Amino acid sequence: MSGTNPGRHEERATRRDSGTIGRRSPRTGTEPVTAQSPLGLRLLLSGVFVPVFAAATAYFAVWAADSGPGDSPGPGPLTAIAVVCGALALFAVIDLVVVARRLRRERGTASTTR
């Protein structure tokens with residue numbers, strides 16, 4: 001035997017290996033082999049926009065609840081804006097979780113569940 005355990009996974013993953021699950025398709029573009037996603041910038045932007053979109057969702061939802069049928073803008077468009085802001089907040093939270101998991105995997109720290 002060569003001393004490696006095929007059932008054991010490496011704790012550290014390189015940025016090249018992070019991302020999709022399973023085998024990636026072969027490269028077809030002209031991007032560099034060492035191209036990396038700017039995870040630090042994504043972490044910063046997600047961290048900033050989660051509270052911004054959450055506050056905007058609450059603001060537009062309260063405004064829609066307080067507006068009457070004759071008001072301009074009416075409750076329909078305000079509800080739509082609140083839903084869009086809520087979806088963007090959810091997307092930012094998901095991106096924040098994904099980026100944090102990738103950074104934790106690259107650094108080799110084990111994830112702890114509470």
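Just above sits the structure.
As the structure is a computational prediction, the values presented were derived from the model and not from experiment.

Caption draft 1: Highlighting the overall build of the chain. Within the chain, the secondary structure is distributed over two helices and zero strands. When each of the 114 residues of the chain is scored for burial, the buried share is 18%. A separation of at least 24 residues holds for 68% of the contacts in the chain among residues at least 6 apart in sequence. Of the roughly 9,100 Å² of accessible surface on the chain, a fraction of 62% belongs to carbon and sulfur atoms.

Caption draft 2: Inspection of unusual backbone geometry at higher detail. At the junction of serine 72 and proline 73, the peptide bond is cis and its omega measures out at 0 degrees in the coordinates. Note that proline 73 resides in the loop between helix 1 (39-66) and helix 2 (75-107).

Caption draft 3: Geometry of the environment of alanine 65. Position of alanine 65 among the secondary structure elements: in helix 1. Taking relative accessible area as the criterion, alanine 65 reaches 62% and is therefore assigned exposed. For the pair alanine 65 and leucine 78, spaced 13 residues apart in sequence, the C-alpha to C-alpha distance is 8.9 Å.

Caption draft 4: Seen up close, a nonpolar patch on the surface. Taken together, Leu41, Leu44, Leu45, Val48, Phe49 and Val52 make up a surface patch of nonpolar side chains, about 510 Å² in accessible area. Inspection of the secondary structure puts valine 48 in helix 1.

Caption draft 5: Examining helix 2 more closely. Counted at 1.5 Å a residue, the expected span for helix 2 with its 33 residues is 48 Å, and the 48 Å between its end C-alpha atoms agrees. Along helix 2, the residues that are buried comprise Leu78, Ala82, Cys85, Ala89, Ala92, Asp95, Val99, Leu103 and Glu106. Buried residues in helix 2 make contact with helix 1. Glycine 108 occupies a position one or two residues after helix 2 and carries a positive phi of about 85 degrees.

Caption draft 6: Helix 1, seen in detail. The first and last C-alpha atoms of helix 1 sit 40 Å apart over 28 residues, in line with the 40 Å expected at 1.5 Å per residue. Considering bend angle alone, the principal kink of helix 1 is centred on phenylalanine 49 and spans about 25 degrees; proline proline 51 follows within four residues of it. On its buried face, helix 1 is in contact with helix 2.

Caption draft 7: View of the packing of aromatic side chains. With the rule as written, the count across this model stands at four aromatic pairs. An aromatic cluster is present here, built from Tyr59, Phe60 and Trp63 joined pairwise through their rings.

Caption draft 8: Fine view of the pattern of salt bridges. What the rule picks out here adds up to one salt bridge. One salt bridge in this structure joins arginine 42 and aspartate 95, with 2.4 Å as the shortest N-O distance. Here aspartate 95 lies in helix 2 and arginine 42 lies in helix 1, a separation of 53 residues in the sequence. You can call arginine 42 partly exposed: its relative accessible area is 24%.

Thresholds, definitions, all that
Residues numbered from 1 in each chain as written. Predicted model: local features only at pLDDT ≥ 70, side-chain atom pairs only at ≥ 80, totals over all residues. Heavy atoms only, no water. Helix = DSSP H or I, 4+ residues; strand = E, 2+ residues; numbered from the N terminus. Buried < 20%, exposed > 50% of the residue type's maximum accessible area, 1.4 Å probe, protein only. Contact = heavy atoms within 4.5 Å. Areas by Shrake-Rupley, 256 points an atom, 1.4 Å probe, with all protein chains shown as cover. Patch = residues over 30% accessible without salt bridge, like charges linked within 9 Å, V, L, I, M, F, W, Y side chains within 5 Å. Salt bridge = Lys/Arg side-chain N within 4 Å of Asp/Glu carboxyl O. Expected span 1.5 Å × (residues − 1). Bend = angle between axes of the 7 residues up to and from the residue. Phe/Tyr/Trp six-rings, centres within 6.5 Å; stacked < 30°, edge-to-face > 60°.

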